Amino acid sequence: MAKPNGKTALITGSTDGVGRVVAKRLAASGWRVLVHGRDRGRGEAIAAAIKDAGGDAQFLAADLSALAEVRRLAGAVQQATQRLDLLINNAGIGSGGPQGARQTSADGYELRFAVNYLAGFVLTHLLLPLIGNNAPARIVNVSSLGQQPIDFADVMLTHGYNGSRAYRQSKLAQIMFTIDLAQELAGSGVTVNALHPATYMNTTMVHQSGLTPVSSVEQGADAILNLATSAALVGRSGLFFNGQREARADAQAYDAAARQRLKALSLELTGLSAKISAAEEQSRR
Ligand SMILES: NC(=O)c1ccc[n+]([C@@H]2O[C@H](COP(=O)([O-])OP(=O)(O)OC[C@H]3O[C@@H](n4cnc5c(N)ncnc54)[C@H](OP(=O)(O)O)[C@@H]3O)[C@@H](O)[C@H]2O)c1
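These numbers were taken from a predicted model, which means no experiment stands behind them. (Residues numbered from 1 in each chain as written. Predicted model: local features only at pLDDT ≥ 70, side-chain atom pairs only at ≥ 80, totals over all residues. Heavy atoms only, no water.)

Engineer: Would you take a moment to explain the overall build of the chain for this structure?
Structural biologist: A count of helical and extended segments in the chain gives 9 helices and 8 strands. For the chain, whose C-alpha radius of gyration is 18 Å, the value lies close to the compact-globule estimate of 19 Å for 285 residues. In terms of overall dimensions, the chain has C-alpha extents of about 55 × 50 × 35 Å along its principal axes. Here the chain holds 285 residues, and 53% of them are scored as buried. When contacts within the chain are restricted to residue pairs at least 6 apart in sequence, long-range pairs at least 24 apart make up 71% of them. Accessible surface computed for the chain: about 12300 Å², of which carbon and sulfur atoms make up 49%. Averaging the locations of the 28 positively and 22 negatively charged side chains of the chain gives two centres separated by 4 Å. (Helix = DSSP H or I, 4+ residues; strand = E, 2+ residues; numbered from the N terminus. Rg over C-alpha atoms; globule rule 2.2 N^0.38 Å. Buried < 20%, exposed > 50% of the residue type's maximum accessible area, 1.4 Å probe, protein only. Contact = heavy atoms within 4.5 Å. Areas by Shrake-Rupley, 256 points an atom, 1.4 Å probe, with all protein chains shown as cover. Lys, Arg positive; Asp, Glu negative; His and termini not counted. Charge placed at Lys NZ, Arg CZ, Asp CG, Glu CD.)

Engineer: Any chance you could explain the packing of helix α5 (residues 163-184) against helix α8 (residues 256-270) here in plain terms?
Structural biologist: Any two packed helices are characterised by how steeply their axes cross, that is the angle between the axes, and by the distance between the axes. Where α5 meets α8, the closest approach of the two axes is 10 Å, and the angle between their N-to-C directions is 95 degrees. Relative to α8, the element α5 is oriented roughly perpendicular. For the pair α5 and α8, contact is made by Ala173, Met176, Ile179, Asp180, Gln183 and Glu184 and by Ala258, Arg259, Leu262 and Lys263, respectively. (Axes fitted to C-alpha atoms, helices over the stretch in contact; angles between N-to-C directions. Parallel < 35°, antiparallel > 145°, perpendicular 65-115°, else oblique.)

Engineer: Could you clarify how one ought to interpret α8 in this entry?
Structural biologist: Residues lying three or four places apart along an α-helix face the same way, a consequence of the helix completing one turn every 3.6 residues. When the terminal C-alpha atoms of α8 are compared, their 21 Å separation across 15 residues agrees well with the 21 Å that a helix rising 1.5 Å per residue should span. Among the residues trailing α8, glycine 271 stands out with phi positive, at a value near 75 degrees. (Expected span 1.5 Å × (residues − 1).)

Engineer: So what exactly am I meant to see when it comes to the site of the ligand here?
Structural biologist: Around the ligand sit 35 residues in total, of which Thr15, Arg38, Tyr167, Met201 and Thr203 are the nearest. The backbone of aspartate 39 places a nitrogen or oxygen atom 3.3 Å from an oxygen atom of the ligand. Take arginine 42: an N or O atom from its side chain is 3.1 Å from an oxygen atom of the ligand. Counting residues per element, the ones that place at least two in the shell around the ligand are α1 (17-28), β2 (32-37), α5 and α6 (204-208). Among the elements that take part in the shell around the ligand, α6 stands out by supplying 3 residues, more than any other. Residue composition of the shell around the ligand, by class: 14 nonpolar, 15 polar and 6 charged. (Near = heavy atom within 4 Å. Polar contact = N/O pair within 3.5 Å; in protein donor to acceptor, adjacent residues only side chain to side chain. Nonpolar A, V, L, I, M, F, W, Y, C, P; charged D, E, K, R; others polar.)

Engineer: I keep staring at the pairing of strand β1 (residues 8-11) and nothing clicks. Help me out?
Structural biologist: Here is the key point about a regular strand: its side chains alternate between the two faces of the sheet. The alternating pattern of β1 places Thr8 and Leu10 on one face and Ala9 and Ile11 on the opposite face, and all of these are buried. Bridge count between β1 and β2: 4 bridges; the pairing is parallel. Note that in β2 the partner of leucine 10 across the bridge is leucine 34. A crossover links β1 with its parallel partner β2, the connecting element being α1, and its sense is right-handed. (Pairing = 2+ DSSP bridges. Right-handed = clockwise from strand over helix to strand, strands pointing away.)

Engineer: How should I be thinking about the environment of glycine 132 in this particular structure?
Structural biologist: Along the polypeptide, glycine 132 turns up in helix α4 (residues 111-133). Note on glycine 132: relative accessible area 36%, which makes it partly exposed. Expressed as a C-alpha distance, the spacing of glycine 132 and glutamine 148, which sit 16 residues apart in the sequence, is 31 Å.

Engineer: Hey, could you run me through the side chain of serine 143 in this one?
Structural biologist: Note that serine 143 resides in the loop between β5 (137-142) and α5. Non-local contacts of serine 143, meaning those with residues more than four positions away in its chain, are made with Lys171, Gln174, Ile175, Leu195, His196 and Pro197.

Here it is in structure tokens:
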């Protein structure tokens, strides 16, 4: 373990897969890591292993399929740390569900849209004050090359549902959010980028989707850590990477009107608009 660098990172979905490797590698290089997932047994074991090796970690449990839990997680992070130098929105579910059936979140939203996108949207907004406190800081959104334009007439995919479409629209939504947020945060010292970590890594998600792994988890972790820590990316924001190479996302990501539409919908679905306007109102007083 490297000696502590005084910085703290939250990695959502770090009880398994690529997030777990990223958490361990950040801890080994001196970061304090907040490990997150649903599974308390695995989460506590990962935090304990990091501490046994001389690092610093704390596990925070939350099921991101309920917005109330996302808000609770934001509160727990604020309790756990005075500073957040890095937020990696990595938790996600793949395209394979039970019998390919449409699933919904605790709030009644299409499940992949809720977990893969809306949860990170809310968590990031709620943690922005903490992230901005000690800028420079970074936000990394773990998206995918699998992207599909959002049909605003049926965002919740009530017609012609399929898991792959659900996954892909949630992954494009993350990139649209990344570009928007980068514009909002310009000049603040907080940067935000998105990436496809690697193709079909050897993880639970890939196995559950019935796919054969073609990349290692380490390869995906390298790409995430590049966005999280590389000196070459200081000050660069609003970008999409395929692995470690800057790339273009689906065309809808660059459509400002579509992004505005998604943002308005997301604020409405999460109830954040009221909270943000109240904060703006208070800051004007
Ligand atoms: N695997 C690939 O080839 C690939 C390719 C492109 C992009 N990605 C993206 O990379 C990210 C990580 O994927 P992975 O392959 O490492 O997946 P994974 O091994 O299945 O791990 C997923 C992580 O997300 C957490 N998670 C899932 N649903 C959750 C929920 N409702 N609430 C809280 N946590 C939840 C899991 O926690 P639990 O321990 O509670 O289950 C786990 O820690 C995802 O965003 C995925 O879309 C992966």
